[in-house]
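# Coordinates in review
Listed below are the residues making up each chain.
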Amino acid sequence: MNFITASSAIREQRVFQNHHEIFRDTQLVLDDFLLATYQALAIDYPKFYKMDRSSQLGFLASEVLLRENIIQSYSHESVALVLANAHASLDTDLRFYESMKSAASPALFVYTLPNIVAGEISIRNRIKGENAFFVTPAFEPHTMSLYVDTVLEKPQTQACIAGWIDVLHGHYDVFLYLVEKEKRGLSLDHKPEELTTLYQQYYGTVDGRSEKTDH
Amino acid sequence: MEQLMADLKKQIIEALNLKHLKPEDIGDDQPLFVEGLGLDSIDALELIVLLQQKYKVKLANPQDGPTIFKSVKTMAEFIRANQPA
């Protein structure tokens, strides 16, 4: 049995770590909110400014997920990454298409693949383990848990960052979680039912049922 | 020349999404790549596009890139020398 040991989410201009709200600014449009979150988290990583929205969302959610240095004890090769979304890189594809009407932007072009966000998270955290990116109509706990368990069956893999990073036209949904062989942190069984509950609980949180925790 | 360099700094910040910088943070002679602003090869392509779009100047020989994009000042000198009348 593997365990879900940590989670993070970004929804409706609010940022959560293990269901505790750590930042919010619901007045801002997405691009400004992403920048405000980056500043609020006091991150120093200038490449963030060049990322597309999907990578910025994934980067910020991963920073929150891993902010207690919870994967530091693992070798770079033993951490895997399994991500999914519904709209691939369409948000950036459309912006790149628009840029082609004047001059195609090379900086946008490099983000016209959905798995670039996995690369950005890997570079930031020096992750060199297995990675995969799925495009599915909605977050699929059964598919994700099955695949993550398969990855964790390999002796060289000790932990897996997994989740959902979807964005299109300013609408987004980001949910990341860490799965480990060791029981700690949230200590939830890595089963589809638990994953479904965890994912949906963030919607409950967004609906106002959680207590706000100032950053 | 001063105005051109001031314009270039604003345009570089906008084109390369360097939202953490202000024009005054970029020195006229400050290296743009590696140890300076830390720009990369994709940024170099963006600067080529910027020169074509804003100043109608084309980089005929890509090997000249490191010299032309050494700093804001070298970019401005290249524009001055090659901009259509």
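Below you will find a few notes about this structure. (Residues numbered from 1 in each chain as written. Chains lettered and ligands numbered in written order. Predicted model: local features only at pLDDT ≥ 70, side-chain atom pairs only at ≥ 80, totals over all residues.)

### Focus on the overall build of chain B
When its secondary structure is counted, chain B shows four helices and zero strands. Overall, chain B shows an N-to-C arrangement of helices and strands of α-α-α-α. Whereas a compact globule of 85 residues would reach a radius of gyration of roughly 12 Å, chain B reaches 12 Å, a difference of no more than 12%. With the C-alpha coordinates aligned to their principal axes, the bounding extent of chain B is approximately 35 × 25 × 20 Å. Looking at the 85 residues of chain B, the share that counts as buried comes to 25%. (Helix = DSSP H or I, 4+ residues; strand = E, 2+ residues; numbered from the N terminus. Rg over C-alpha atoms; globule rule 2.2 N^0.38 Å. Buried ≥ 20, exposed ≤ 12 C-beta atoms within 10 Å, placed from the backbone.)

### Here's the deal with helix α1 (residues 2-15) of chain B
All names here are of chain B. Taking 1.5 Å per residue as the helical rise, α1 with its 14 residues ought to reach 20 Å, and the 20 Å between its terminal C-alpha atoms agrees with that figure. Taken together, the buried positions of α1 are occupied by L8, K9 and I12. An end-on view of α1 places all buried positions within 100° of arc, on one side of the element. Among the exposed residues of α1, those pointing more than 90 degrees away from its buried face are Q3, K10 and E14. Buried residues along α1 sit against α4 (72-82). (Expected span 1.5 Å × (residues − 1). Arc of directions from axis to C-beta. Contact = placed C-beta atoms within 7 Å.)

### Thoughts on the interface of chain A and chain B
In this complex, chain A contributes ten residues to the contact, which on the side of chain B involves twelve residues. For the side of chain A that touches chain B, the class distribution of residues is seven nonpolar, two polar and one charged. (Nonpolar A, V, L, I, M, F, W, Y, C, P; charged D, E, K, R; others polar.)

### Considering helix α3 (residues 90-99) of chain A
Residues and elements named next belong to chain A. The set of residues buried in α3 consists of D91, T92 and F96. Buried residues of α3, viewed axially, fall in a sector of 130°; they line one side. If you follow the buried residues of α3, they end up packed against α2 (53-65), α4 (106-109) and β6 (159-168).

### Focus on the packing of α2 of chain A against helix α5 (residues 116-125) of chain A
Residue and element names in this part refer to chain A. In the contact formed by α2 and α5, the axes pass within 9 Å of each other and the chain directions differ by 40°. Put simply, α2 runs oblique to α5. As for how α2 packs across α5, the hand of that crossing is right-handed. Between α2 and α5, the residues in contact are S54, S55, G58, F59 and S62 and I116, V117, E120, I121 and R124, respectively. Of the residues in the contact of α2 with α5, the class split is four nonpolar, four polar and two charged. (Axes fitted to C-alpha atoms, helices over the stretch in contact; angles between N-to-C directions. Parallel < 35°, antiparallel > 145°, perpendicular 65-115°, else oblique. Left-handed = near helix turned anticlockwise from the far one by under 90°.)

### With respect to the nonpolar core
Core analysis: the largest hydrophobic core is formed by 50 residues, its most contacted members being C160 and V174 of chain A. Ignoring sequence-local partners within four residues, the contact set of V174 of chain A consists of A9, I10, R11, L57, G58, A61, W164 and I165 of chain A. Of all hydrophobic cores here, the second largest spans 21 residues; its members include F96 of chain A together with L16, L51 and A76 of chain B. (Core = buried A, V, L, I, M, F, W, Y, C linked by C-beta atoms within 7 Å.)

### Some points on the pairing of β6 of chain A
Residue and element names in this part refer to chain A. For β6, the buried fraction is high: nine of the ten residues fall into the buried class. Alignment of strand β4 (residues 79-85) against β6, held across six bridges, turns out to be parallel. By the bridge assignment for β6, V82 is matched with A162. Relative to strand β7 (residues 171-180), β6 is paired through ten bridges, and the arrangement is antiparallel. Bridged to A162 within β7 is Y177. Where β6 folds back on β7, the antiparallel hairpin that results is connected by two residues, among which H169 adopts a positive phi of roughly 50°. (Pairing = 2+ DSSP bridges.)

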